[in-house]
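Given next are the chains, with one letter for each unit.
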Amino acid sequence: AAHEHELLEHATTELLTIPVELGDRANARMIKPSHFQEGRKYPVLIYVYNGPHVQLVTNSYLAGASLWMLEAAERGYIVWTLDGHGSGNRGRDNEQAIHRQLGVVEVKDQMRGVDFLKSLPYVDADRIAVHGWSFGGHMTTAMMTRHPGVFKVGVAGGPVMDWSLYEVMYTERYMDTPAENPEGYKATLLPALADQLQDDLLLISGAVDDVVLPQHSASFLKACVSGGIPVDYFSYPGHAHNVRGKDRLHLMEKVLHYIDQRVQFQR
């Protein structure tokens, strides 16, 4: 049994609760490498979603983490996820905080998580990466444009860049209509913030994404080009909103390789 344990050695997972916006607390998950050592400083990979009703951090197997996160931890990252305001199973008031301003309070919550991470003696504050998909792609881009210089690198997959381009049933449930809430739509329009981007950002989109249309990424890319801002982009031909099947391995290798290169991580 001991021999088998050596073969299957993997990261350790911890559940935490930390203070966030509006005097509330949020649940978080931290994954450390199996070879974690006190006294060393580790880069951080933040995986973010933080969309309405979704709960990523759970008191269950691996605390709800995906297996690729264990791989990332073994490469030497602290892997971090925080469920901020709007996340599932936290009650009506916690959800209502995001009404008419999708991704505003949530970004502030995520940055409170970043502050917590920076306070830890084993975190390298100069090597923090962020990655997310869909709502998490919006969050990744919003975090990097509203807080330039904080993150070494980001990868935003299938990112919503403009809520007026997203499906009506979902968007108007939380944002009301553009006519009713012009301020909210303007405040969350990410191409308008493209000129704030200082750090390496890779956008990834499925070429036939019918949920978050490639037009979202295109609008941000156009703003970057117009503003002379460097940015990276990759498209998966034939794939819709999620890259599924065997190509998912290509996706996760690409995400981790892009981040590895920029945190200058030596295995």
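See the structure above.
Residues numbered from 1 in each chain as written. Predicted model: local features only at pLDDT ≥ 70, side-chain atom pairs only at ≥ 80, totals over all residues. Heavy atoms only, no water.

**Q** Honestly, the side chain of threonine 141 in this entry has me stumped. Any pointers?
**A** Summarising the element assignment, threonine 141 is placed in helix 5 (residues 135–146). A relative accessible area of 0% means that threonine 141 is categorised as buried. If near-sequence neighbours (up to four positions away) are discounted, threonine 141 is found in contact with Ala156, Pro159, Met161, Leu190, Leu201, Leu203 and Phe220. (Helix = DSSP H or I, 4+ residues; strand = E, 2+ residues; numbered from the N terminus. Buried < 20%, exposed > 50% of the residue type's maximum accessible area, 1.4 Å probe, protein only. Contact = heavy atoms within 4.5 Å.)

**Q** What is the right way to look at the pairing of strand 8 (residues 232–236) in this model?
**A** Remark: a regular strand shows side chains that alternate across the two faces of the sheet. Taken together, the 5 bridges between strand 7 (residues 200–206) and strand 8 define a ladder with parallel strand orientation. Opposite leucine 203, over in strand 8, you have tyrosine 233 as the bridge partner. Viewed along the sheet, the connection from strand 7 through helix 8 (residues 214–227) into strand 8 turns out right-handed. (Pairing = 2+ DSSP bridges. Right-handed = clockwise from strand over helix to strand, strands pointing away.)

**Q** Sorry if this is basic, but what is going on with the packing of helix 4 (residues 105–118) against helix 5 here?
**A** Angle between the axes and distance between the axes are the two parameters that describe a pair of packed helices. In contact at an axis separation of 10 Å, helix 4 and helix 5 are set at 70 degrees when each is read in the N-to-C sense. Relative to helix 5, the element helix 4 is oriented roughly perpendicular. Where helix 4 crosses over helix 5, the two elements pack in a sense that is right-handed. Facing helix 4, whose interface residues are Glu106, Val107, Gln110 and Met111, helix 5 presents Phe135, Met139, Ala142, Met143 and Arg146. The residue inventory of the contact of helix 4 with helix 5, partitioned by class, reads 6 nonpolar, 1 polar and 2 charged. (Axes fitted to C-alpha atoms, helices over the stretch in contact; angles between N-to-C directions. Parallel < 35°, antiparallel > 145°, perpendicular 65-115°, else oblique. Left-handed = near helix turned anticlockwise from the far one by under 90°. Nonpolar A, V, L, I, M, F, W, Y, C, P; charged D, E, K, R; others polar.)

Fair warning: the whole summary comes from geometry, so function is off the table for now.
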